[in-house]
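Here is what each chain is made of, one letter per residue.
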Amino acid sequence: MTNLDQNSVIRQQFGPAAADYVTSAVHATGSDLARIAEIAAEFAPAHALDLGAGGGHVSYAMAPHARRVTACDLSEAMLAGVVAESTRRGLTNIAPLAAAAGALPLEDASCDMLACRFSVHHWRDPAAGLAQARRVLRPGAPAVFVDVIAPPEPAADTHLQAVEVLRDPSHGRDFTMREWHAMLDAAGFAVTATRSSRLRMDFAEWTARMRTPSVQCAAIRALQALAGAEVARHFAIEADGSFMIDVILIEAR
Ligand SMILES: C[S@@+](CC[C@H](N)C(=O)[O-])C[C@H]1O[C@@H](n2cnc3c(N)ncnc32)[C@H](O)[C@@H]1O
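Residues numbered from 1 in each chain as written. Predicted model: local features only at pLDDT ≥ 70, side-chain atom pairs only at ≥ 80, totals over all residues.

Visitor: Please clarify how the overall build of the chain should be interpreted in this entry.
Guide: Looking only at helices and strands, one finds 12 helices and 7 strands in the chain. The C-alpha atoms of the chain give a radius of gyration of 18 Å, which matches the 18 Å a tight globule of 253 residues would have. Reported as C-alpha extents along the three principal axes, the dimensions of the chain are approximately 50 × 35 × 35 Å. A total of 253 residues make up the chain; the buried ones form 43% of that total. A separation of at least 24 residues holds for 76% of the contacts in the chain among residues at least 6 apart in sequence. (Helix = DSSP H or I, 4+ residues; strand = E, 2+ residues; numbered from the N terminus. Rg over C-alpha atoms; globule rule 2.2 N^0.38 Å. Buried ≥ 20, exposed ≤ 12 C-beta atoms within 10 Å, placed from the backbone. Contact = placed C-beta atoms within 7 Å.)

Visitor: I would appreciate a short explanation of the nonpolar core in the present structure.
Guide: Looking at soluble globular proteins, one finds that nonpolar side chains tend to be buried together. Residues M62, L114 and A133 are the most contacted members of the largest nonpolar core, which totals 70 residues. Top element by residues in this core is strand β7 (residues 243–252). It accounts for 6 residues. M62 has contacts with I36, A37, A40, A48, D50, V69, M113 and A115, leaving out every residue within four places of it along the chain. (Core = buried A, V, L, I, M, F, W, Y, C linked by C-beta atoms within 7 Å.)

Visitor: Would you explain the site of the ligand in this entry?
Guide: As a matter of local geometry, the ligand sits amid 24 residues, with H27, G52, G54, A101 and R117 nearest to it. Those elements giving two or more residues to the shell around the ligand turn out to be α1 (6–14) and α5 (57–62). (Near = placed C-beta within 6 Å.)

Visitor: What exactly am I supposed to notice about the packing of helix α8 (residues 154–167) against helix α11 (residues 214–226) here?
Guide: For any two helices packed against each other, one specifies the inter-axial angle together with the distance between the axes. At a minimum axis separation of 9 Å, α8 and α11 run at an interaxial angle of 165°. With respect to α11, the element α8 is oriented roughly antiparallel. Judged by the twist between their axes, the crossing of α8 over α11 is left-handed. The residues of α11 that touch α8, namely those facing H159, A162, V163, L166 and R167, are Q216, A219, I220 and L223. Each residue belonging to the contact of α8 with α11 can be placed in one class, and the counts come to 6 nonpolar, 2 polar and 1 charged. (Axes fitted to C-alpha atoms, helices over the stretch in contact; angles between N-to-C directions. Parallel < 35°, antiparallel > 145°, perpendicular 65-115°, else oblique. Left-handed = near helix turned anticlockwise from the far one by under 90°. Nonpolar A, V, L, I, M, F, W, Y, C, P; charged D, E, K, R; others polar.)

Visitor: How should the sheet that holds β7 be read in this particular structure?
Guide: Either a parallel or an antiparallel arrangement is found when strands of a sheet pair, and the pairing is made through backbone hydrogen bonds. Read from one edge of the open sheet, 7 strands run β3-β2-β1-β4-β5-β7-β6, paired in mixed fashion. Of all the strands in the sheet, the pair left with one neighbour each is β3 (94–98) and β6 (191–201). Shown here is a sheet whose adjacent strand axes are inclined to one another by a mean of 20°, direction ignored. Looking at chain direction, strand β2 (residues 68–73) and β3 are connected through 5 bridges and run parallel. (Pairing = 2+ DSSP bridges.)

Visitor: I tried to follow the environment of Q224 on my own but got confused; where do I start?
Guide: By secondary structure assignment, the location of Q224 is in helix α11. Taking the C-alpha atoms as reference, Q224 lies 36 Å from A131; in sequence the two are 93 residues apart. Residues within four places of Q224 in sequence aside, it is in contact with I237 and G241.

Visitor: I keep staring at the pairing of strand β1 (residues 47–51) and nothing clicks. Help me out?
Guide: Successive residues of a regular strand alternate their side chains across the two faces of the sheet. Across the 5 residues of β1, 5 count as buried, placing the element largely inside the fold. Taking every second residue as pointing to the same face, both faces of β1 are buried, with H47, L49 and L51 on one and A48 and D50 on the other. Here 5 bridges tie β1 to β2, and the two strands are oriented parallel to one another. Within β2, the position partnered with H47 by the bridge is R68.

Visitor: How do you make sense of the environment of A84 when you look at a structure like this?
Guide: On the secondary structure map, A84 appears in helix α6 (residues 76–89). Overall, A84 belongs to the partly exposed group, with 14 C-beta atoms counted inside 10 Å. A sequence separation of 62 residues divides A84 from V22, and the C-alpha atoms of the two residues are 9.9 Å apart.

So this is what it looks like as structure tokens:
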């Protein structure tokens, strides 16, 4: 057992992985990033917020279309990577902000666009984080949330959360679509569009990025070997442990 609080567990997990998140192909590419850039181009926000910026790929997608971008993350090490990569790309309008989603040091209605990609499933208090997202966003301005989605079937849901937390102890929960709709509704967002896709997780890369100890890799493989046929089919589990996840892009106002 660790005495660290959840935010410290997250910083401990992501700090050493910062450089890998900048170069990760799974994070650096995707039609979801193209859609975020498209929305930024349409709305030309004066101030865009990348919440849970990680390696900064959402910030790099919005920066050419925004006057300024705030890359917000819990991890200072991640933000140092974003600053270095922004400089390398010649993007001068991205500023780092070390803060938790649940306590954003930003004025009410001070952002004209918000995008949050693959971060909510780590948050200690998703309801508080989404309420803060709503608070700092100007009413009517666009918000985009991208995350891994848990399937509605209990066994597949439990399998997903189990392999996620074995791989990364800072994992909180991959929510179902029903849960996402309820959380966004409670925070005051109105969903305007959703797009689902599937993403292949290469087992070796997926575990290396989080420095998953070999005993936990073995436990994931053991769980996969024992999974029922429906679960194995849903995740299209391959011989080397690679598998498919469901991803949702949610557009909201
Ligand atoms: C998988 S990475 C994000 C990837 C990035 N958004 C992208 O699109 O490439 C998840 C990030 O969320 C951050 N994070 C986790 N919980 C957070 C919280 N409560 N507030 C802010 N950032 C958080 C982590 O530090 C980590 O950098």
